[in-house]
Amino acid sequence: MADPGPWKAIRDRKLAERSSRIPLSWRLSSPPLPDTLDVRSIPQTCGVLTLQELSITENYDATSLAEAIRSKSLTAEQVTIAFCKRAALAQQVCNCLTEIFFDKAIERAKWLDQELKRTDRTIGPLHGVPVSLKDTFKVAGYDASIGIASLAENPAKENSLLVNILLEAGAVLYCKTNVPQTLMALDSDNNIFGRVLNPRNTKLTAGGSSGGEGALAAMRGSVLGVGTDVGGSIRIPAMCNGLYGIKPSFQRIPYAGQENGSKEGASKIGLPASAGPITASLRDCEMFFKVVAESRPWERDPSLALGDWEQQEEVEKKPVIGVIRRDEIIEPLPPVSAALEETVQNLRKAGVEVVEINAPAFKKCQSLANSFFGIDGANYMFDLLEKTNEPLTNWLSTRLRRKSPISLDKLVEIHARKTEIETEMLKIWKDPKTGRKIDAIILPVAPHPVPPIDRWNGVSYTSSFVLLDYPAGTLPVRDFKESDLKGEMRDSKPLGNWDKPNRELWDKKTIDRNVYLNSKLSIQVVAPKLQERRLYQAMALIDGVIQQGSQGAKSKL
């Protein structure tokens, strides 16, 4: 029998290491029953968390936790222990963690409490706030393996820049979260740590590539998570888990010093990834951006643009919101169109002007983005896998293969096409009838609801804004209801190869639509390049309409 290679032995050691870092007293007495699809209530019923710890993890967001620690109504130690315990529970039911450093987190929290007592001052705006990180971020002393055996058992010697900024702001780092093999899948599964499960419904995908962050936040095991996005990897897990998530323009938040399974410098000729927040509270996204901006990261990372948060553009006093209903590549399924239309109607009832946007260049974005994703032919990634004879996961095995790198002439050509599309898309930011500025645009996050495991279809609605480098965010709208099961597609031929499998996610012959019940329907909000504050304000406006109803939102305008 052929030697399978060392990857399985590495996997076994990593799994044992991860398990050993969860205290026995924090472990479930038995796993959830196989027919338990929604596992979010387990922390409330398992007896591991005290009443105070349940309150800390369920009744606060990052903003209010920072204030509670600052006012000394809670200690950093109390907060950190609560979230470490809840993260441990989330791991046991969702498999969302990779690296665990609870002991160091609690040690740091005690030090922060001592400093606050000694000086009567916090060391920064995140003093004592627990922050979870996607596995791509390097934390000194811990692996950044991204679920690949050849990158495991090689602890980082120094922190990623953003990690240092968070620590300087007073954050407590306590865990890193699971990702898909190669970071090129929309379902977070790898050979080393296994598959992340969606806590709302374990039959549905948790998304990727920041799927561990999404599941952890949905379990309330993280109050502020940081993911990355180069095709939808913040926005898609946010949608799958009913959360807020923002992908900024790549020059806004430090990405330096991360492990992403590619050669150093590759992003300079490809599409750079962005780092951003995944949270259960929209205002915590603003908190994150403010904290990073206040650190003046452009003085430490040459790829970043100068810009304080308050210096960025705001939405107009009488905002105009655009709507793009389809990308002409994949037709949105009825529940997706319904959630978008409900948002449009509620905005109009609230007195917000909403205009239809015609964006013919939008349909050109996805194929060009795919050209950028394939620049090196996946050769560097295959080299990493072959070092330990590690196979591709089942989903990737039929979709990814080693190819020749792109030629210089072809690279120049796709960059020229990118500039053409970027220029053409600038037109969408003005109302063609009135010339008024469009403050933000709403559209689907995906053309389908949260799908079953390994059935995510197409990323054209998200990767297009990586190509364009527009900041974009996911905004939850409402739960999928029984009435949503009734809508039907127009009787027409599929638009193309991507549209056909999308329709199969609604065809009663190929799926039981009931699987979507109680998942979250979301929309995407987009703003122009490097206008994260404008994006946040538009999201806050729209969220106010969704959360408070049109009358409450109208009174704010």
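Residues numbered from 1 in each chain as written. Predicted model: local features only at pLDDT ≥ 70, side-chain atom pairs only at ≥ 80, totals over all residues. Heavy atoms only, no water.

Participant: Before we move on, could you go through the overall build of the protein chain and cite the residues and values that matter?
Facilitator: Within the protein chain, the secondary structure is distributed over 18 helices and 13 strands. Expected size for 557 residues packed as a compact globule is a radius of gyration near 24 Å; at 23 Å, the protein chain falls within 12% of this value. Projecting the C-alpha coordinates of the protein chain onto the three principal axes gives extents of approximately 65 × 60 × 50 Å. In the protein chain, which comprises 557 residues, the proportion classed as buried is 59%. Restricting to contacts in the protein chain with at least 6 residues of sequence separation, those with at least 24 account for 79%. Carbon and sulfur atoms provide 50% of the accessible area of the protein chain, an area that totals close to 22800 Å². Charge centroids of the protein chain, computed over 73 positive and 68 negative side chains, lie 2 Å from each other. (Helix = DSSP H or I, 4+ residues; strand = E, 2+ residues; numbered from the N terminus. Rg over C-alpha atoms; globule rule 2.2 N^0.38 Å. Buried < 20%, exposed > 50% of the residue type's maximum accessible area, 1.4 Å probe, protein only. Contact = heavy atoms within 4.5 Å. Areas by Shrake-Rupley, 256 points an atom, 1.4 Å probe, with all protein chains shown as cover. Lys, Arg positive; Asp, Glu negative; His and termini not counted. Charge placed at Lys NZ, Arg CZ, Asp CG, Glu CD.)

Participant: Just give me the short version of the pairing of strand 11 (residues 440-443), but keep the residues and values in it.
Facilitator: Residues Ala440 and Ile442 of strand 11 are buried on one face, and the alternating residues Ile441 and Leu443, pointing to the opposite face, are buried as well. Note that strand 9 (residues 320-323) and strand 11 share three bridges and pair parallel. The partner of Val323 across the bridge, within strand 11, is Ile442. Two strands pair when backbone bridges link them, and strand 11 and strand 13 (residues 520-526) are joined in this way by three bridges, in the antiparallel orientation. Residue pairing for strand 13: Ile441 is matched across the bridge by Val526. (Pairing = 2+ DSSP bridges.)

Participant: Lay out empty space enclosed by the protein in plain terms, naming residues and giving numbers.
Facilitator: To find the voids left in a structure, one rolls a probe of water-molecule size over its atoms. One pass over the full model with this rule turns up three cavities of 30 Å³ or more. As a volume, the largest cavity reaches approximately 60 Å³. Sort the elements by how many residues they give to the lining of the largest cavity and strand 13 lands first, with three residues. Each residue belonging to the lining of the largest cavity can be placed in one class, and the counts come to seven nonpolar, two polar and one charged. (1 Å grid on protein atoms, 1.4 Å probe; cavity = no way out; pocket = protein on both sides within 12 Å on 5 of 7 lines; lining within 4 Å. Points joined across faces, edges and corners; volume = space filled by probe spheres on them. Nonpolar A, V, L, I, M, F, W, Y, C, P; charged D, E, K, R; others polar.)

Participant: Pulling in residues and values, what's your account of the packing of helix 12 (residues 365-373) against helix 15 (residues 408-425)?
Facilitator: Look at helix 12 against helix 15: their axes get within 10 Å of each other, and the N-to-C directions meet at 145 degrees. For the pair helix 12 and helix 15, the sense of crossing is left-handed. For the pair helix 12 and helix 15, contact is made by Cys365, Ser367, Leu368, Ser371 and Phe372 and by Ile414, His415, Arg417, Lys418 and Ile421, respectively. By residue class, the composition of the contact of helix 12 with helix 15 is five nonpolar, three polar and two charged. (Axes fitted to C-alpha atoms, helices over the stretch in contact; angles between N-to-C directions. Left-handed = near helix turned anticlockwise from the far one by under 90°.)

Participant: Explain helix 1 (residues 7-20) to me, using residue names and the numbers behind them.
Facilitator: Compared with an ideal rise of 1.5 Å per residue, which puts 14 residues at 20 Å, helix 1 spans 20 Å between its outermost C-alpha atoms and is within 8% of the ideal. All buried positions along helix 1 are accounted for by Trp7, Ile10, Lys14 and Arg18. For helix 1, the angular spread of buried residues about the axis comes to 65 degrees, placing them on one side. At its buried positions, helix 1 is contacted by helix 5 (76-94) and strand 1 (97-100). (Expected span 1.5 Å × (residues − 1). Arc of directions from axis to C-beta.)

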